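Results of the structural survey
Below are the chains, spelled out letter by letter.
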Amino acid sequence: MEEKASPPPQGCSKPHLEKLTLGITRILESSPGVTEVTIIEKPPAERHMISSWEQKNNCVMPEDVKNFYLMTNGFHMTWSVKLDEHIIPLGSMAINSISKLTQLTQSSMYSLPNAPTLADLEDDTHEASDDQPEKPHFDSRSVIFELDSCNGNGKVCLVYKSGKPALAEDTEIWFLDRALYWHFLTDTFTAYYRLLITHLGLPQWQYAFTNYGISPQAKPKGSEGRSKQGCF
């Protein structure tokens, strides 16, 4: 059963939450116009939940992912901005709980009548740039789990590159965009988590790591000169 979550008081005064958010809560709350900075607190996962996930999926969970879940079984932090008298939700940072860390399959993808099948996509000749690792495969060569649905703007995935039985050292973090193209994000979950926090959960921030970038509608004002590098 999914755990119940309750928002802690504003200010993130609990030490484990401060550690979890890498101090970004204080930065947001001190920023002009930012309001309603909220973390949905979740209890730590129990070790047997991790073992059950590994056995069910025939995959060894990476140590940094295990350590994350032993601190909190999922993560969801949101913040809003105040424009005139209106409160507008803006930032959303999320990592699925273990129960929602599910394998990406045909049935979990787009189900429109004329949508491409995963087999069709394996024949796609679109290639990433030469400096990127080999892209994930939708067949048995890769095992793919959804970390974040990105509010419908794509999917951030934990990818095992060698199929089952899957080893922890064979994992990478990739972004699957709405057109079902893959984009490499990081080698490790820890590195991805820092990216997530650094980009403040702004809408479509993952598209900064694609060839076409963030849409003009989602790009914050004054971001043109901002680099992709994190602030930690």
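Residues numbered from 1 in each chain as written. Predicted model: local features only at pLDDT ≥ 70, side-chain atom pairs only at ≥ 80, totals over all residues. Heavy atoms only, no water.

Going by an unreviewed UniProt entry, the protein carries the name Tubulin polyglutamylase complex subunit 2 and comes from Aotus nancymaae.

Of regular secondary structure, the protein possesses six helices and seven strands. Evaluated residue by residue, the protein yields a buried proportion of 44% over its 232 residues. Relative to all contacts within the protein whose residues are 6 or more apart in sequence, the contacts with residues 24 or more apart total 58%. Carbon and sulfur atoms provide 53% of the accessible area of the protein, an area that totals close to 12,700 Å². (Helix = DSSP H or I, 4+ residues; strand = E, 2+ residues; numbered from the N terminus. Buried < 20%, exposed > 50% of the residue type's maximum accessible area, 1.4 Å probe, protein only. Contact = heavy atoms within 4.5 Å. Areas by Shrake-Rupley, 256 points an atom, 1.4 Å probe, with all protein chains shown as cover.)

Along helix α3 (residues 47-57), the residues that are buried comprise I50, W53, E54 and N57. Taken around the axis of α3, the buried residues stretch over an arc of 95°, which confines them to a single face. Opposite the packed face of α3, turned more than 90 degrees from it, sit the exposed residues Q55 and K56. Those residues of α3 that are buried lie in contact with α4 (63-71), β4 (143-148) and β5 (155-160). Looking one or two residues beyond α3, the residue adopting positive phi is N58, at roughly 55°. (Arc of directions from axis to C-beta.)

Our next topic: the packing of α4 against helix α6 (residues 189-198). As a packed pair, α4 and α6 sit with axes 8 Å apart at the nearest point and diverge in direction by 55°. Here α4 is positioned oblique relative to α6, judged by the angle of their axes. Residues D64, V65 and F68 of α4 form the contact with α6, whose participating residues are F189, T190 and Y193. A class-by-class count of the residues in the contact of α4 with α6 yields four nonpolar, one polar and one charged. (Axes fitted to C-alpha atoms, helices over the stretch in contact; angles between N-to-C directions. Parallel < 35°, antiparallel > 145°, perpendicular 65-115°, else oblique. Nonpolar A, V, L, I, M, F, W, Y, C, P; charged D, E, K, R; others polar.)

Let us now look at the nonpolar core. Core analysis: the biggest nonpolar cluster contains 44 residues, and Y69, F75, I95, L147 and Y193 have the highest contact counts within it. Here this core takes six residues from α6, the largest share from any one element. Apart from the residues lying within four places of it in its own chain, the contact partners of F75 are L20, T21, I39, K42, F68, M93, A94, I95, Y193 and I197. (Core = buried A, V, L, I, M, F, W, Y, C linked by side-chain atoms within 4.5 Å.)

Time to look at the side chain of T171. Note on placement: T171 falls in strand β6 (residues 171-176). Polar side-chain contacts of T171 include one of 2.9 Å to the backbone oxygen of A168. Leave out the neighbours within four places in its chain, and T171 touches P62, L158, V159, Y160 and D187. (Polar contact = N/O pair within 3.5 Å; in protein donor to acceptor, adjacent residues only side chain to side chain.)

Reading across from one edge, β1-β2-β3 is the order of the three strands in this open sheet, with antiparallel pairing throughout. If you trace the sheet from one side to the other, it starts and ends with β1 (34-39) and β3 (86-95), each paired once. Ignoring which end each strand starts from, the neighbouring axes of this sheet average 15° apart. For strand β2 (residues 75-83) and β3, the ladder comprises nine bridges, and the chain directions are antiparallel. Pairing of K82 across the sheet is with I87, part of β3. (Pairing = 2+ DSSP bridges.)

Taken together, the buried positions of α4 are V65, K66, F68 and Y69. Buried residues along α4 cover an arc of 160° about the axis, so they all sit on one side.

Looking now at the packing of aromatic side chains. Under the counting rule described, the total for this entry stands at 14 aromatic pairs. A centroid spacing of 5.7 Å and a plane angle of 65° characterise the contact between F75 and Y193, whose relative ring orientation is edge-to-face. Residue F75 is located in strand β2, and its partner Y193 is located in helix α6; the two are separated by 118 residues in the primary sequence. Ring centres of F145 and Y160 lie 5.9 Å apart, and the angle between their planes is 80°; this geometry places the pair in the edge-to-face category. Remark: Y160 occurs in strand β5 and F145 occurs in strand β4; sequence separation between them is 15 residues. Pair check on accessibility: F145 and Y160 agree, each one buried. In textbook terms, an aromatic cluster arises when at least three aromatic residues are bridged by ring pairs, as seen for F68, Y69, F75, F189 and Y193. (Phe/Tyr/Trp six-rings, centres within 6.5 Å; stacked < 30°, edge-to-face > 60°.)

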